[in-house]
Amino acid sequence: MKKICVITDNQYIYTEFKNLIQEKCMKEKFEFYYTESNRKFCEDYKNRIDFRPIQLNNKNKEFFEQYNLFFSLHCKQIFPEKLVNNYRCINIHPGFNPHNRGWYPQVFSIINQKPIGVTIHEMDTELDHGPIIFQKEVEIFSYDTSYDVYQRIIKMEINMLKENLNTLILGTYKTISLKEEGNVNYKYDFDKICKLDMERKGTLKEHIDLLRATTFDGYRNAYFLDKDNNKIYVSITLDKV
């Protein structure tokens, strides 16, 4: 029996993926982990034996060799070289490689107008990089916030897994190598755009795009500092008529 390691830090993906393997009556054994530094999951899943914390850098060859395949599903930790160089690792990335690899792809796609979507790829030592297995683009509408686009992306991820899970497990797919490296965004890039420059010049469209890119339900992201150095958070509401 094949044994598969799944690492995710996304509640929706975790729930839907578990439902998926139950619906498909998968014969493989799946073991689920989340990142050790994920405080919310550490609290919510405390003492659970079917969903456990993990720090991949601390694992040895003996641990890795018990699995036939590793899945990264919105995992918050970087897979170490000792893992990706020696074992088959597949990443389900909420972006359209090679555009806006790294942090919050939908945020930067709203701002820089680069394509967004879902990329399923084999992992290598670079961030959101490696041969592409499957890929689909998601449309961004003028009335979308970052949250809206992200919801569309994660639903597409589950649909793509439903269609292709057996193929991914068996490895009966052909990959496509990227012809260009594209661009990468990091957490500090996101932090930088969240600090609004009140003197910044630009078109009204550019300003609206910046605000809708940083608007995500349940989070306070974009802000400016007033004359008293108070941090004032800003989000935007868009209504399609």
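In this report, we go over the structure that sits alongside the text. (Residues numbered from 1 in each chain as written. Predicted model: local features only at pLDDT ≥ 70, side-chain atom pairs only at ≥ 80, totals over all residues. Heavy atoms only, no water.)

Some details on the overall build of the chain
- Along its length, the chain carries eight helices and 11 strands.
- By the compact-globule yardstick of 18 Å for 241 residues, the chain fits well, its C-alpha radius of gyration being 19 Å.
- Dimensions of the chain, computed from C-alpha atoms along their principal axes, come out at roughly 60 × 40 × 35 Å.
- In the chain, which comprises 241 residues, the share counted as buried stands at 45%. (Helix = DSSP H or I, 4+ residues; strand = E, 2+ residues; numbered from the N terminus. Rg over C-alpha atoms; globule rule 2.2 N^0.38 Å. Buried < 20%, exposed > 50% of the residue type's maximum accessible area, 1.4 Å probe, protein only.)

Regarding the pairing of strand β1 (residues 3–8)
- Counting buried positions over the six residues of β1 gives six, a clear majority of the element.
- Here β1 shows no split at all, with Lys 3, Cys 5 and Ile 7 on one side and Ile 4, Val 6 and Thr 8 on the other all buried.
- As paired elements, β1 and strand β2 (residues 29–35) share five bridges and run parallel to each other. Residue pairing for β2: Val 6 is matched across the bridge by Phe 32.
- Where β1 and strand β4 (residues 69–73) come together, five bridges link them in parallel fashion. Across the sheet, Ile 4 pairs through a bridge with Leu 69, a residue of β4. (Pairing = 2+ DSSP bridges.)

Re the pairing of strand β3 (residues 51–54)
- Note: β2 against β3, four bridges, orientation parallel. For Thr 35, the partnering residue across the bridge sits in β3 and is Ile 54.
- Between the parallel pair β2 and β3, the chain is carried across by helix α2 (residues 39–44), and the sense of this crossover is right-handed. (Right-handed = clockwise from strand over helix to strand, strands pointing away.)

Here's the deal with the packing of aromatic side chains
- Under the counting rule described, the total for this entry stands at 27 aromatic pairs.
- Measuring from ring centre to ring centre gives 5.7 Å for Tyr 34 and Phe 41, while their planes differ by 80 degrees; the resulting arrangement is edge-to-face.
- Judged by relative accessible area, which is 2%, Tyr 34 ranks as buried.
- Each ring, one from Tyr 67 and one from Phe 70, has its centre 5.5 Å from the other, and the planes form 65 degrees; the classification is edge-to-face. (Phe/Tyr/Trp six-rings, centres within 6.5 Å; stacked < 30°, edge-to-face > 60°.)

Comments concerning the environment of Tyr 67
- Along the polypeptide, Tyr 67 turns up in the loop between α3 (61–64) and β4.
- Exposure remark for Tyr 67: the relative accessible area of 5% places this residue in the buried category.
- In the structure, Tyr 67 is positioned 62 residues away from Cys 5 in sequence and 6.3 Å away in space, judged by C-alpha atoms.
- Not counting residues up to four positions away in its chain, the partners in contact with Tyr 67 are Lys 3, Ile 4, Cys 5, Glu 31 and Tyr 33.
- In terms of polar contacts, Tyr 67 uses its side chain to reach the side chain of Tyr 33, at 2.7 Å. (Contact = heavy atoms within 4.5 Å. Polar contact = N/O pair within 3.5 Å; in protein donor to acceptor, adjacent residues only side chain to side chain.)

Brief notes about unusual backbone geometry
- Backbone torsion omega between Asn 97 and Pro 98 reads 10 degrees, so that peptide bond is classified as cis.
- For Pro 98, the location among the structural elements is in the loop between β5 (89–93) and β6 (101–102).
- With a phi close to 70 degrees, Asn 47 is a non-glycine residue in the positive phi region.
- Looking at where Asn 47 falls in the secondary structure, it is placed in the loop between α2 and β3.
- Despite not being glycine, Asn 100 shows a phi value in the positive range, around 55 degrees.

A word on the environment of Leu 170
- Its location among the elements puts Leu 170 in helix α6 (residues 146–170).
- Here Leu 170 falls in the exposed class, since its relative accessible area comes to 54%.
- When the C-alpha atoms of Leu 170 and Gln 66 are compared, they prove to be 17 Å apart, with 104 residues separating the residues in sequence.
- Setting aside residues no more than four positions away along its own chain, Leu 170 makes contact with Lys 2 and Arg 88.

Let's talk about the side chain of Ser 146
- Summarising the element assignment, Ser 146 is placed in helix α6.
- Setting aside residues up to four positions removed in sequence, Ser 146 forms contacts with Gln 106, Val 107, Ile 110, Arg 212, Ala 213, Thr 215 and Phe 216.

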